[in-house]
Each structure stands twice: as structure tokens, then as C-alpha cells.
Amino acid sequence: MMRIEEVKRSERKKGRFLVKLADGDILRVTEEELLRFGLRAGMELDAEALEAVRTSARTSSAKAAAANMIGTRALSKRELTRRLVKKGNDESDAQAAADWLEDIGAVDDAGYAAALVRHYGGKGYGPARVREELRRRGVGRELWDEALEEMPESAEILDGLIQKRCRGDLADPREKKRVSDALLRRGFAWSDVKAAMGRYTEMIEDGYD
């Protein structure tokens, strides 16, 4: 059995309570644990009850950390879980916290994916680069196709980019390579880049510079 020597409110973290045990250990719990387990000074906890309090406290701590992260910036569920683990939370606690935020609608991978596509598409990136960003951010592949419907048309983006980037005649192989390489790095398919350069050349030949 383990005796609780003292229960007091934390002066550093709002909503946190410190439970001092007879062996000198301190449990950092929330009001949820206080009420759920009836924690109070003088209470005796057997090994099973003590472990239950510890487990619940870890889960509550992970939830609080997860809520703070989501409050700062949008994250995918996988990103959030990874960050929680990196901060020292057990993987199971991190997953439980991410599941909880998903259940209450604070984490929405489909909405997050669509927002990423609009953002990077608006900045002039192509489908391949946007897919790589979705992968890097931990968005499941099953959500990619629907999210990519938010992309502007590649032709529209490419036409604008070529007009901004082209500093000479695309009949010049060096200028053509410089422009095409830049567009390919932005994630556009070669067939789309080639077609866009063809449209630009025709426009210049027609006198619409």
C-alpha cells in the first residue's frame, strides 16, 4: 500500500494537482483524477490503484499537450502523434490523445489536407510537390485524391509562372532548360510543362508579350 501525504494545487500549471506519496514520489494529476479516484491526503493506494492513477494522469497530460499543439497550428493526426511522442509521451497515450481530438472534431485530416492543397497550389506548386507535402505532413493516401480536387488547374498556374520566370527566348535551349527545370522542381509533369512552354512561344510569336 502507498499512502498519500499531501494533495495540493500546482502553482505553475493551471488545472494541475500535485499528489505527494509517502515514498517521496509526486504524481501530477488533473482534477479528473482527483474526482475519479477520490484522491486525498491520508488515502492508501494499493499497487493496482496506484498504477491506474499513473496511467490516467499520463493520458490526461498527453491530452493537454495535444490540445496546446493543435491550438498553435493545424496538424494531421499522424503529425500530432509523432510530436507528442517526441515530447516524451508514450505512443499509446499519444494515440489516445490524438483519437480524442479527432472524436471532438479538433483534428480533421480531410479538412487539413484540403487546406494544404489550396495553400501550396496557390503558391504555384504542382501536383507532385503537393502530394509530397501531404505525405510529409502525415496525411493518409486515401485522402489525397479528394483533397487534390482543390488544386487550381496546372495549365493556369504554369502559364503565369512562365510569364514571370522567362527571361529570354524559349527557342534558346539554355533558357528552355532553365525554365523547364524550375517548373519540374515545383512538381509539374513534363507533359504539362512542355504544353505550357508551347503556349508561351505561340503567344510571343503572335506579339502578345
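Quick note: structure is the one above.
Because the structure is predicted, anything quoted here is derived from the model rather than measured.

1. What to know about the overall build of the protein chain
Now for step 1: Counting its regular elements, the protein chain contains 10 helices and four strands.
Now for step 2: Against the globule reference of 17 Å for 209 residues, the protein chain gives a C-alpha radius of gyration of 27 Å, more extended than a compact globule.
Now for step 3: C-alpha extents for the protein chain along the principal axes are approximately 90 × 25 × 20 Å.
Now for step 4: A total of 209 residues make up the protein chain; the buried ones form 39% of that total.
Now for step 5: Long-range pairs, those at least 24 residues apart, make up 52% of the contacts in the protein chain with a sequence separation of at least 6.
Now for step 6: Side-chain charges of the protein chain comprise 40 positive and 40 negative groups, with the mean position of each set lying 6 Å from the other.

2. What about the environment of Gly 160?
Now for step 1: With respect to the helices and strands, the residue Gly 160 is situated in helix α8 (residues 154-165).
Now for step 2: Spatially, the C-alpha atom of Gly 160 lies 13 Å from that of Asp 192, the residues being 32 residues apart in sequence.

3. Notes on the pairing of strand β3 (residues 26-30)
Now for step 1: Taken together, the five bridges between strand β2 (residues 16-21) and β3 define a ladder with antiparallel strand orientation. Note on β3: the bridge partner recorded for Val 19 is Leu 27.
Now for step 2: What sits between the antiparallel neighbours β2 and β3 is a turn of four residues, in which Gly 24 has the positive phi angle 95°.

Conventions used here
Residues numbered from 1 in each chain as written. Predicted model: local features only at pLDDT ≥ 70, side-chain atom pairs only at ≥ 80, totals over all residues. Heavy atoms only, no water. Helix = DSSP H or I, 4+ residues; strand = E, 2+ residues; numbered from the N terminus. Rg over C-alpha atoms; globule rule 2.2 N^0.38 Å. Buried < 20%, exposed > 50% of the residue type's maximum accessible area, 1.4 Å probe, protein only. Contact = heavy atoms within 4.5 Å. Lys, Arg positive; Asp, Glu negative; His and termini not counted. Charge placed at Lys NZ, Arg CZ, Asp CG, Glu CD. Pairing = 2+ DSSP bridges.

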